[in-house]
Amino acid sequence: MTPAERDLLAAKRPTGALDVVPTVVEVRGSVTALSLRHDFLFIGGLQQSPNADAVLYFAQEVFPSILQQLPGIRFYVIGDKAPPSVIALASENIVITGLQPDVRHYFESVRLSVAPLRFGAGVKGKINQSMSYGVPVVATSLAVEGMSLTDGVDIVLADSPDEFAQAVIRLYEDANRWEKLSQNGLQTTANAYSPQAVRKQLSRLLSDEHLSHDKSTYRIAAESVHAQGLEPGVAA
């Protein structure tokens, strides 16, 4: 649930207090130097229509332009239950991996993660999961709704096919910008999504002082208090 979705619920239940607890993500960090990294990935459960649509859209409308300027680059699609339309994309440059029980080696080898979602709701675990590994993300505006991320600081935003392709290429080739976004992503994840950050927020929400305002109507609307973003088959 995003803050915007919380506000919609609040409008329907004006007598209740609602707070959003973010998805918990362990900050994994990065050990592979940029010079040893290549390619990029998408991660998410492909049985979910927003994810399948994002992969098809990217492969058909964005990736060809990237491939022209970065020949030989590979796009890894990580996730369970890919529909036939996604499986049919498999080629020398598009790798459909299926469900991967351990995704760390992918995040330690790629330069970027992409989140070209065109519809969907809720906070997208694929974004903070990528950031937790220090892998910068190029995403659509819709994909980051409710995450309070700043374009050019924590993430790179692009919405049209041409804008998205150029954003990927520029970030892929700009070492200084890559390092900045990698470090900022790790810091943002630690500040907002780490177990320590969420534990601090829960302690505040469940404190006697906070609950005493309205014990009878208080509700917590939790996005997730489990590290679901770390599981590639269910990453939102």
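For the structure, check the block above.
Residues numbered from 1 in each chain as written. Predicted model: local features only at pLDDT ≥ 70, side-chain atom pairs only at ≥ 80, totals over all residues. Heavy atoms only, no water.

A. Quick peek at the nonpolar core. Of all hydrophobic cores here, the largest spans 50 residues; its most connected members are Phe40, Phe58, Ile66, Phe75 and Ile127. When residues in this core are grouped by element, the largest group, ten residues, is from helix α2 (residues 49–69). In contact with Phe40, other than residues within four places in its own chain, are Phe58, Phe63, Ile66, Ile73, Arg74, Phe75, Tyr76, Val110, Leu112, Val114, Val168 and Tyr172. Counting ten residues, the second-largest nonpolar core is a separate cluster that includes Ile43, Tyr106, Val110 and Val135. (Core = buried A, V, L, I, M, F, W, Y, C linked by side-chain atoms within 4.5 Å. Buried < 20%, exposed > 50% of the residue type's maximum accessible area, 1.4 Å probe, protein only. Helix = DSSP H or I, 4+ residues; strand = E, 2+ residues; numbered from the N terminus. Contact = heavy atoms within 4.5 Å.)

B. Highlighting the packing of aromatic side chains. Taken as a whole and judged by the stated rule, the model has nine aromatic pairs. Their ring planes at 85° and their centres at 5.8 Å tell us that Phe40 and Phe58 sit as a pair that is edge-to-face. You can see Phe40 sitting in strand β2 (residues 40–43) and its partner Phe58 sitting in helix α2, a full 18 residues away along the chain. Take Phe40 and Phe58: they sit in the same class, and that class is buried. Just above the ring of Tyr172 sits the side chain of Arg111; from NZ or CZ to the centre is 4.7 Å. (Phe/Tyr/Trp six-rings, centres within 6.5 Å; stacked < 30°, edge-to-face > 60°. Lys NZ or Arg CZ within 6 Å of the ring centre and 35° of its normal.)

C. Molecular detail of the pattern of salt bridges. Scanning all chains against the criterion turns up three salt bridges. Across the pair Asp53 and Arg118 runs a salt bridge, and its minimum N-O distance is 2.8 Å. Of the two residues, Asp53 is situated in helix α2 and Arg118 in the loop between β5 (112–115) and α5 (125–132); the sequence distance between them amounts to 65 residues. Overall, Arg118 belongs to the partly exposed group, its relative accessible area being 42%. For Arg104, the salt bridge identified is with Glu108, shortest N-O distance 3.1 Å. The exposure class of Arg104 is partly exposed, given its relative accessible area of 27%. (Salt bridge = Lys/Arg side-chain N within 4 Å of Asp/Glu carboxyl O.)

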